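Chains, contacts and geometry: an overview
Spelled out from the first residue to the last, the chains are:
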Amino acid sequence: MSKTYKAAIMTGPRTIEIQDMPLPEPGSGEVLIKVKAVGICTWEQRAYTKEKPDAFPFWGGHEIAGIVEKIGPNVKNDLKVGDHVAVASLTRCGECYFCRKGMDNQCLYSEAPAKEGVTPGPRGFSEYLLVRGYECYKVDPELPFVEAAVSEPVACCTRSVRQCEISFGDTVVVQGAGIMGLIHAKLCKLRGATVVVSEPDAKRRENALKAGMDYVVDPINENLAEFVRKNVNPHGAEVVIFTAGGQAAFKQAIEAVAVGGRVMLYGSMHPSGTVTIDANDIHYREYCLLGSSKHDKESFREATALLSSGAISVKDMVSAVVPFEKIKEGFELALAGGQYRVVLSVNE
Ligand SMILES: [Zn+2]
Ligand SMILES: [Zn+2]
């Protein structure tokens with residue numbers, strides 16, 4: 001009998017089944033990963049609570065860290081069995097228009113269907129995972145796996161911050177001090193910015209200060225733009241990064257941005273992203289609106305390098321570690337709110 005491993009499959013709304021799968025052999029270009037930690041991201045939480053039956057079955061888990069177990073032929077990544085890695089579990093075809101343009105986060109084949117007979121999804125909620133060599137990024141063996149699993153969100157933020165073109169000494173406003181907001185804020189500090197975090201939740205404002213941010217503002221009870229001009233920079237913020245807060249926060253971002261500045265729309269708005277904007281205001285004040293979605297190969301490399309060297313730490317963002325077998329409890333905990341990241345520990 002061949003060896004099996006356990007995988008957690010969503011089979012319906014708020015229903016997760018632990019299923020036995022046959023352990024695969026890595027084929028050409030493939031690497032078998034022994035999973036050690038997987039984050040429960042908002043995207044998976046939305047999948048978990050979906051009411052549509054056609055959304056199932058779904059095999060989630062895209063914030064993955066683990067150990068290289070077996071390497072197939074023709075893997076060009078410099079990996080050895082036993083290496084600790086973070087996994088960027090997305091197809092990057094390398095050939096499409098956007099991959100060639102260096103925007104592989106927009107790869108036209110990133111949603112390529114799973115192999116025939118395999119449940120769709122990134123498949124990290126699992127004891128083992130077959131990935132392609134290019135999806136593996138080595139991390140320092142001293143970095144705890146539960147922190148290495150946060151490489152994926154960090155990689156989304158390193159890409160976003162790159163697009164913001166922050167100069168030394170710039171004033172940056174980060175809207176939202178959830179996990180994405182805090183990671184952005186930490187990266188902007190590394191870029192030499194004065195960072196103002198706008199966040200309605202008092203506890204999260206306190207955590208932002210603890211994480212070394214310069215100013216915090218409650219955007220419900222204070223006027224963000226006035227606060228910035230009065231206390232930080234009379235011209236406003238060179239960069240405003242929207243990670244949360246909906247339409248109201250978008251309006252505040254436009255008010256707070258300086259002439260010639262940039263507003264990064266990192267977060268998505270739910271259920272609708274419709275906002276009103278005065279085109280003349282963009283014309284006269286010469287600011288620019290940017291977007292950033294997902295990570296690219298370079299931003300993933302940056303994220304794993306920053307975490308491995310300790311240049312940034314995400315220790316304060318791993319709110320709870322739950323054993324893989326208790327994945328349902330992990331989801332309920334994440335959904336209850338008030339957490340940064342709930343991470344599952346696997347193969348302990
Ligand atoms: Zn994620
Ligand atoms: Zn592509």
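In every chain, residue numbers begin from 1 and rise along the written sequence. For naming, the first written chain is A and the first written ligand is 1, with later ones following in the order written. The model is predicted, so local features are restricted to residues of pLDDT at least 70 and side-chain atom pairs to those at 80 or more, both for listing and for counting; the totals for chains, interfaces and linings are taken over all residues.

Some remarks on the packing of helix α4 (residues 151–164) against helix α5 (residues 179–190)
Put simply, α4 and α5 touch, their axes get as near as 9 Å, and they point 50° apart. Relative to α5, the element α4 lies oblique. In the crossing of α4 with α5, the sense of the turn from one axis to the other is right-handed. Between α4 and α5, the contacting residues are Pro153, Val154, Cys157, Thr158, Ser160 and Val161 on the first element and Ile179, Met180, Ile183, His184, Leu187 and Cys188 on the second. Under this grouping Gly is polar, as are all residues other than the nonpolar Ala, Val, Leu, Ile, Met, Phe, Trp, Tyr, Cys and Pro and the charged Asp, Glu, Lys and Arg. Per-class residue counts for the contact of α4 with α5 are nine nonpolar, three polar and no charged. The convention used is that axes are lines fitted to C-alpha atoms, helices contributing only their stretch in contact, and that angles between N-to-C directions extend from 0 to 180 degrees. Strands are runs of DSSP state E lasting at least two residues, helices are runs of H or I lasting at least four, and both sets are numbered from the N terminus onward. Under this scheme an angle from 65 to 115 degrees is roughly perpendicular, one under 35 degrees roughly parallel, and one over 145 degrees roughly antiparallel; angles in between are oblique. Crossing handedness is read from the near helix: turned anticlockwise from the far helix by less than a right angle, it gives a left-handed crossing, and turned clockwise, a right-handed one. Two residues qualify as a contact pair if the distance between their C-beta atoms, derived from the backbone, is within 7 Å.

Let's talk about the domain arrangement of the chain
Domain ranges listed in this record stem from an automatic or a database domain assignment. For the chain, the assigned domains are domain 1 (4–150 + 314–345) and domain 2 (155–291). Relative to domain 2, the C-alpha centre of domain 1 lies at a distance of 30 Å. Between domain 1 and domain 2, the contact holds six residues from the first and seven residues from the second. Of the residues that constitute the side of domain 1 that touches domain 2, the class distribution is three nonpolar, one polar and two charged.

A word on the environment of Pro144
Relative to the helices and strands, Pro144 resides in the loop between β7 (136–138) and α3 (145–148). Considering only alpha carbons, one finds Pro144 and Ala37, 107 residues apart in sequence, at a separation of 9.2 Å.

Points about the sheet that holds strand β12 (residues 257–265)
At least two DSSP bridges between two strands are required for those strands to pair. As summarised here, the arrangement of the six strands in space is β10-β9-β8-β11-β12-β13, forming an open sheet in which the pairing is parallel. Looking at which strands have only one partner, the edges of the open sheet turn out to be β10 (215–217) and β13 (288–291). This sheet shows a mean twist of 20° between the axes of neighbouring strands, independent of strand direction. The sheet contact formed by strand β11 (residues 237–242) and β12 spans five bridges and is parallel. Residue pairing for β12: Val240 is matched across the bridge by Val263. Contacts from α5 reach β8 (171–175), β9 (194–198) and β11 within the one sheet, and its direction differs from that of β8 by about 170°.

Let's talk about the nonpolar core
Nonpolar core, as used here: buried Ala, Val, Leu, Ile, Met, Phe, Trp, Tyr and Cys residues forming one set through C-beta atoms within 7 Å. Put plainly, a residue is buried at 20 or more neighbouring C-beta atoms within 10 Å of its own, exposed at 12 or fewer, and partly exposed in between, counting only other residues' C-beta atoms, which are placed from the backbone. Ile33, Ala37, Ala149, Val172, Ala237, Val240 and Phe242 are the most contacted members of the largest nonpolar core, which totals 99 residues. When residues of this core are assigned to domains, at least three fall in each of domain 1 (4–150 + 314–345) and domain 2 (155–291). What Val240 contacts, discounting residues up to four positions off in sequence, is Val173, Gln175, Ala253, Ala256, Val257 and Val263.

A closer look at the pairing of strand β4 (residues 63–71)
Here strand β3 (residues 30–40) runs beside β4; their pairing, made up of eight bridges, is antiparallel. Considered in β4, the bridge of Gly39 is made with Glu63. When β4 meets strand β5 (residues 84–87), the two strands line up antiparallel, connected through four bridges. Residue pairing for β5: Ala65 is matched across the bridge by Ala86.

Notes on the environment of Gly102
If you trace the backbone, Gly102 turns up in the loop between α2 (97–100) and β6 (128–132). You can call Gly102 exposed: it has 10 C-beta atoms within 10 Å.

Quick word on α5
Multiplying 1.5 Å by the helix residue count minus one yields the expected span of that helix. Helix length check: α5, at 12 residues, gives a terminal C-alpha distance of 17 Å against a target of 16 Å (1.5 Å per residue), a fit within 8%. Most of α5 sits inside the fold, with 10 of its 12 residues counted as buried. Those residues of α5 that fall on the buried side of the exposure criterion are Ile179, Met180, Gly181, Leu182, Ile183, His184, Ala185, Lys186, Leu187 and Cys188. Where α5 is buried, its residues contact α4, β8, β9, α6 (202–210), β11 and β15 (341–345). At the C-terminal side of α5, Gly192 shows a positive phi close to 80°.

So, the pairing of β3
Every regular strand shows the same layout, with side chains that alternate between the two sheet faces. With nine of 11 residues buried, β3 is to be regarded as a mostly interior element. Across four bridges, the pairing between β3 and β15 is antiparallel. Bridge pairing in β15 links Val38 to Leu344.

Things to note about unusual backbone geometry
Of note, the bond from Phe56 into Pro57 is cis; its omega dihedral lies within 30 degrees of zero at -5°. Within the element layout of this structure, Pro57 appears in the loop between α1 (42–49) and β4. The omega torsion across His270 and Pro271 is 5°, close enough to zero to call that bond cis. Tracing the backbone through its elements, the reader meets Pro271 in the loop between β12 and α9 (279–285). The residue Glu286 is not glycine, and still its phi comes out positive at about 55°. For Glu286, a count of 11 C-beta atoms within 10 Å gives the class exposed. Although it is not a glycine, Asn347 adopts a positive phi angle of roughly 55°. Taking the number of C-beta atoms within 10 Å as the measure of exposure, Asn347 has 16 and is therefore partly exposed.

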